[in-house]
Amino acid sequence: MAMLIRSTIFALATIASATSAQCDPNDLFTPQIRYFVGLNPTSVVLGDLDGDTDLDMVVALQTSNDISVLLNTGNGTFNAKQRFEVGINPESVTLGDLDSDGDLDMAVANQSDDTSVLMNNGDGTFAPQTRYSAGSTPRSVALGDLDGDGDLDMAVANGGSGDTSVFLNNGDGTFEAQIRYLVGVAPTSVALGDLDGDGDLDMAVANGVNNDTSILINNGDGTFAPQTRYLAGGHPTSISLGDLDGDGDLDMAVANGVDNDTSILLNNGDGTFAPQTRYLAGENPRSVSLGDLDGDGDLDMVTANTNSTDSTATSVLLNNGNGIFDAQIRYSAGDFPLSVTLGDLDGDGDLDMAVANFLSHDTSVLLNKCIQLPCLADLTGDGVLNFFDVSVFLTYFQFNNPLADFTGDGEFNFFDVSAFLAAFSQGCL
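Residues numbered from 1 in each chain as written. Predicted model: local features only at pLDDT ≥ 70, side-chain atom pairs only at ≥ 80, totals over all residues. Heavy atoms only, no water.

**Here's the deal with the overall build of the protein**
Inclusion rule: Secondary structure counts use DSSP, requiring at least four H or I residues in a row for a helix and at least two E residues in a row for a strand, with both numbered from the N terminus. Here the globule rule reads 2.2 Å times residues to the power 0.38, and the radius of gyration is calculated from C-alpha atoms. Contact criterion: two residues are considered in contact whenever any of their non-hydrogen atoms come within 4.5 Å of each other. Computed by Shrake-Rupley with a 1.4 Å probe, the accessible areas treat only the displayed protein chains as cover when residues are assessed. Counted charges follow a simple rule, with Lys and Arg positive, Asp and Glu negative, and His plus the chain ends left uncounted. The location of each charge is read from NZ of Lys, CZ of Arg, CG of Asp or CD of Glu.
Helices and strands together make up the secondary structure of the protein, namely three helices and 30 strands. Relative to the 2.2 N^0.38 estimate, which gives 22 Å for 429 residues, the radius of gyration of the protein is 23 Å and therefore close to what a compact globule would have. Seen through its C-alpha atoms, the protein measures out along the principal axes to roughly 75 × 45 × 45 Å. Here the contacts in the protein between residues at least 6 apart in sequence split such that 47% fall between residues at least 24 apart. Carbon together with sulfur atoms contributes 53% to the accessible area of the protein, which is approximately 16,200 Å² in total. Computed over 12 positive and 63 negative side-chain charges, the inter-centroid distance for the protein is 13 Å.

Now the structure itself:
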């Protein structure tokens, strides 16, 4: 009897699906809620600006040359905007602790050939900007510790000059003069990540005119080797990095504006990439973001589609777990969405969506509908379900330990085995 139970539970546990949420893959998000932010928003990011542990929203406004900050009330709804001046025609905004004081500061790429840095006062308000000259027509900005000294440096994609600017942080949120690196023609987006597994941050750039991406490997000190180029689709507009196939390295997702699709380039493990695989998205995707939307442990993909109708303005593509994606599912946003980002806005443990809508002058917030499940089968307490939990259950079961009485009836039989496997299949948050 004991041997039969043991062999049965190990066989079933081997094929159990360890998911952490109960989701309908065809209906992941609630209908949008819209927030007026100002004229012509181009970029949206999320971060805890006021130190209350929820995610606030920051939006770059192209026409009014400023930034809107919307503080989260704690449940995924937002207070009225606060505005902060930046440079001319801001294109991209990102957040990071630039002066190492524990709060999130702001960096903005402006088409006025410069970047704006705004320091957080600690409460989600910001000191006046400091401007740093960049290349021609900056389109995108990213932050990361490029030289390994513990502070956040800045990388900027310059659409007009075909290069990227790297600004090294002096440690206090001020920056050295830029160093420029050649990439492709009309770069639109830059992302940072350790692509070759050597512990420093490398650079990936989407090149709008060349229909490709540039990879620049960090020398370890914040300087970069010459680019290597990889083919993408027509007019790449956005690039995002993440481990899409679960092999421990960072892969590339690229939104291709002209071809209405995305390119997935899987990392070979050394910072070189396999040829692209293409997936249909909406019309003229301008932004791509990665995150685990359905709670199954892999990274899914969402795009903002500028020329689509309201009901098809965003595309969600779910990962099968190996870097291969299902067909898109569309969700409504506003008019002409230019930017999409993901984060847990309502504090329920799943990833919600925020979209900047250029022509309707607002942002759309779509809350994730997945139901988070308790991790009852985590008998080892490590937050991971595996054969160690199975072994602990079998030991408890063999000695009639109450922790194995999953039905709560005081008896130990196949009903407890079935209940344990049901809990195992629910997974961990």
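**A short note on the nonpolar core**
Soluble globular proteins tend to pack their nonpolar side chains together in the buried interior. Threshold: For the purposes of this section, nonpolar cores are sets of buried Ala, Val, Leu, Ile, Met, Phe, Trp, Tyr and Cys residues that join through side-chain atoms within 4.5 Å. Only protein chains enter the accessibility calculation, which uses a 1.4 Å probe; a residue is then buried when its area is under 20% of its type maximum, exposed when over 50%, and partly exposed in between.
Leu28, Phe29, Leu293, Val316, Tyr331 and Met353 are the most contacted members of the largest nonpolar core, which has 17 residues in total. Elements that contribute at least two residues to this core include exactly strand E24 (300–305), strand E26 (329–331), strand E27 (337–343) and strand E28 (352–357). Setting aside its immediate chain neighbours within four residues, Leu293 contacts Leu28, Phe29, Asp300, Val316, Leu318, Leu342, Leu351, Asn368 and Cys370.

**Brief notes about the packing of aromatic side chains**
Short version of the rule: Only the six-membered ring of Trp is used, alongside the rings of Phe and Tyr, when aromatic pairs are assigned; centres must lie within 6.5 Å, and planes under 30 degrees apart are stacked while those over 60 apart are edge-to-face, with the rest tilted.
On inspection of all chains with the given rule, the structure shows 13 aromatic pairs. Seen from their ring centres, Tyr279 and Phe325 are 5.5 Å apart, and the 70° between their planes marks the pair as edge-to-face. Taken together, the positions of Tyr279 in strand E22 (residues 277–280) and Phe325 in the loop between strand E25 (314–317) and E26 put the pair 46 residues apart, joining distant regions of the chain. Classification of Phe325 as buried rests on a relative accessible area of 6%. Centre to centre, the rings of Phe393 and Phe420 are 4.3 Å apart; their planes meet at 15°, and the pair counts as stacked. Of this pair, Phe393 sits in helix H2 (residues 387–398) while Phe420 sits in helix H3 (residues 414–426), and the two are 27 residues apart along the sequence. Side by side, Phe393 and Phe420 carry an identical accessibility label, which is buried. By the ring-pair criterion, three or more aromatic residues cluster together here, those being Phe393, Phe397, Phe412, Phe420 and Phe424.

**A few points about the environment of Leu182**
When you line up the elements, Leu182 lands in strand E14 (residues 179–182). Sequence-wise, Leu182 and Ser165 are 17 residues apart; in three dimensions their C-alpha atoms are separated by 9.2 Å. In contact with Leu182, not counting residues within four places along its chain, are Gly162, Asp163, Leu216 and Gln227.

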